[in-house]
Amino acid sequence: MIPMVNLKAQYAEIKDEIESGLAETIENCSFILGPNVQAFEKETAEYLGVKHAIAVASGTDALHLALIAEGIGAGDEVITTAFTFIATAEAIKYVGAIPVFVDIDPKTFNISPEAIEKAITPKTKAVMPVHLFGQPADMTAIKQLCDQYSLKLIEDCCQSFGASIDGKQTGSIGHTAGFSFFPSKNLGAFGDGGLVVTNSDETAKKLKMLHNHGSDVRYYHDVIGYNSRLDEMQAVILRAKLKRIDQYNQGRRHVGRLYSELMADLPLTTPFEDGLGEHVYHQYTLLCERRDEVMKALQDKQIGCAVYYPVPLHRQNVFKQEYANVSLPVTEFVAANCMSLPICPFLEDDSIKEIVSVIRDVLTAA
Ligand SMILES: Cc1ncc(COP(=O)(O)O)c(C=O)c1O
């Protein structure tokens, strides 16, 4: 059996450090906004090269609070991609804004800068690119558009912790950015968690209040806020993993590149690295016309595989009426043909070879 992500192998390696950290936290009884959360915010800000990092309860909250802090509200249009996890658009809806879905680049599956520019209207207030599957979106072009049209740039970095462009981390380029620490992410907690980052002192001040009941000084409340704090226990776990994040991402890159090398002659499209940035392979997602057959063969051998994402957001039940007139041909083609293979830093070369041989048997059978 080969799972999509081998979290057990990762835990085995860092078990002692995590367990002693958790035991210490339990002894200290400092469970909310404790020393590990504070240290984690400092360490992530340093790692990401940003001035402020505010740890929150999930990636969805991170995006939601980022939009509020950036002043995005009712009736504002936010240009984003439909080829993403629902939370990207949910966050936009939470603030009463309108997600404007535009098409993606056929090679990287990331939002197309040309499509963004065509969708800008007087109501556009922000652009929210997603660094999908760990590959940075074309931030040079997107930032230039945002500067030119005075739009807020809010990065969805929920799949891209550690990915970079020209030495700049994803999350450090826009006005604000949200990260997720969902367990299977490149930097994953043992539950939910998230982070919002910004270089603006003013935005950081708002975010600190928003994530803690609208309060700066205890029991004094200036705005309606939320209860969205990273748990101290999760901070212990994330700090242990943060120390090793470069090694983990390097391991993922090795897996991704080996898959691509071994499948280079097969009738499928392996992930494209556009060379604009450093991909961290949150997912290894390929295109294959015979996806169903390949997936069945893998499942029969108890090898993990999944479709991220089978239904683009404009075609989801929740949105399909509102977006009935929207057609995104590249997004729709990719959703109909993509599939993802197991990937994590602990996937061994022999397992990769085994997975590829199952795929090869299907695609080369007479
Ligand atoms: C692209 C994207 N955006 C937002 C989220 C939401 O993150 P979370 O599950 O931590 O709320 C996720 C993760 O699941 C994601 O992959």
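Taking an unreviewed UniProt entry as the reference, the chain is identified by name as dTDP-4-amino-4,6-dideoxygalactose transaminase belonging to Methylobacter tundripaludum. If you open the UniProt record of the chain and go to Sequence similarities (unreviewed entry), you find "Belongs to the DegT/DnrJ/EryC1 family."

Looking at the assigned domains, one finds that the chain contains domain 1 (7–103 + 110–242) and domain 2 (245–363). Counting residues at the interface gives 38 residues for domain 1, matched by 36 residues for domain 2. Summed over both partners, the interface of domain 1 with domain 2 comes to about 3,100 Å²; 59% of that surface belongs to carbon and sulfur atoms. When the buried area of domain 1 at its contact with domain 2 is split by residue, Phe 83, Phe 133 and Asn 186 rank highest and sum to 23% of it. Where domain 1 packs against domain 2, one counts one salt bridge. In this structure, the salt-bridge partner of Glu 322 is Lys 93, at a minimum N-O distance of 3.0 Å. The interface formed by domain 1 and domain 2 contains 19 residue pairs in polar contact (both at pLDDT 80 or more).

Now for the layout of surface pockets. The space that makes up the largest pocket amounts to roughly 450 Å³. If you go around the largest pocket, you meet 25 residues; those closest to its centre are Phe 85, Gln 159, Phe 182, Lys 185 and Tyr 309. Class assignment for the residues of the lining of the largest pocket results in 11 nonpolar, 10 polar and four charged. No fewer than three residues from each of domain 1 (7–103 + 110–242) and domain 2 (245–363) sit in the lining of the largest pocket. Around the second largest pocket sit 13 residues that line it, and Leu 33, Asn 212, Ser 215, Arg 218 and Arg 229 are the ones nearest its centre. Of the residues contributing to the lining of the second largest pocket, the split by class is five nonpolar, four polar and four charged.

Turning next to the site of the ligand. The full set close to the ligand counts 15 residues, and Gly 59, Thr 60, Asp 156, Ser 180 and Lys 185 are the nearest of them. At 2.7 Å from an oxygen atom of the ligand is found a side-chain nitrogen or oxygen belonging to Ser 180. A distance of 2.9 Å separates an oxygen atom of the ligand from a polar side-chain atom of Lys 185. Summarising the interface, the protein chains cover 93% of the accessible area of the ligand, which totals 390 Å² for the free molecule. Spatially, the ligand is embedded in the largest pocket. Split by residue class, the shell around the ligand holds five nonpolar, eight polar and two charged.

Let us now look at the packing of helix α10 (residues 291–300) against helix α12 (residues 349–364). Running from amino to carboxyl end, α10 crosses α12 at an angle of 135°, the nearest separation of the two axes being 9 Å. On the basis of their axis angle, the class for α10 and α12 is oblique. Classified by chirality, the crossing of α12 by α10 is right-handed. Of the residues in α12, those in contact with Glu 293, Val 294, Ala 297 and Leu 298 of α10 are Ile 355, Val 358, Ile 359, Val 362 and Leu 363. Among the residues making up the contact of α10 with α12, the classes are represented as eight nonpolar, no polar and one charged.

Take Gly 21: it is sitting in helix α1 (residues 7–28). Judged by relative accessible area, Gly 21 falls into the buried class, the value being 16%. Between the alpha carbons of Gly 21 and Ala 39 there is a distance of 13 Å; along the sequence they are 18 residues apart.

Within this structure, the stated rule accounts for 17 aromatic pairs. Judged by centre distance (6.4 Å) and plane angle (90°), the ring pair of Phe 109 and Phe 133 falls under edge-to-face. Here Phe 133 lies in the loop between β4 (124–128) and α6 (139–148) and Phe 109 lies in the loop between β3 (98–102) and α5 (113–119), a separation of 24 residues in the sequence. Each member of the pair, Phe 109 as well as Phe 133, carries the same accessibility label: buried. For the ring pair Tyr 248 and Phe 346, a centre distance of 6.1 Å and an interplane angle of 55° mean the geometry is tilted. Here Phe 346 lies in the loop between β12 (338–341) and α12 and Tyr 248 lies in helix α9 (residues 245–262), a separation of 98 residues in the sequence. Taken together, the ring pairs connect Phe 40, Tyr 47, Phe 161, Phe 179 and Phe 181 into an aromatic cluster. Stacked on the ring of Phe 272, the Lys or Arg Lys 107 has its end atom at 4.9 Å from the ring centre.

What counts and what doesn't
Residues numbered from 1 in each chain as written. Predicted model: local features only at pLDDT ≥ 70, side-chain atom pairs only at ≥ 80, totals over all residues. Heavy atoms only, no water. UniProt positions renumbered as here; feature names shortened; annotations may be inferred. Domains from an automatic or database assignment. Contact = heavy atoms within 4.5 Å. Buried area = accessible area lost by both parts, 1.4 Å probe. Salt bridge = Lys/Arg side-chain N within 4 Å of Asp/Glu carboxyl O. Polar contact = N/O pair within 3.5 Å; in protein donor to acceptor, adjacent residues only side chain to side chain. 1 Å grid on protein atoms, 1.4 Å probe; cavity = no way out; pocket = protein on both sides within 12 Å on 5 of 7 lines; lining within 4 Å. Points joined across faces, edges and corners; volume = space filled by probe spheres on them. Nonpolar A, V, L, I, M, F, W, Y, C, P; charged D, E, K, R; others polar. Near = heavy atom within 4 Å. Areas by Shrake-Rupley, 256 points an atom, 1.4 Å probe, with all protein chains shown as cover. Sits in = over half its atoms within 2 Å of the grid points. Axes fitted to C-alpha atoms, helices over the stretch in contact; angles between N-to-C directions. Helix = DSSP H or I, 4+ residues; strand = E, 2+ residues; numbered from the N terminus. Parallel < 35°, antiparallel > 145°, perpendicular 65-115°, else oblique. Left-handed = near helix turned anticlockwise from the far one by under 90°. Buried < 20%, exposed > 50% of the residue type's maximum accessible area, 1.4 Å probe, protein only. Phe/Tyr/Trp six-rings, centres within 6.5 Å; stacked < 30°, edge-to-face > 60°. Lys NZ or Arg CZ within 6 Å of the ring centre and 35° of its normal.

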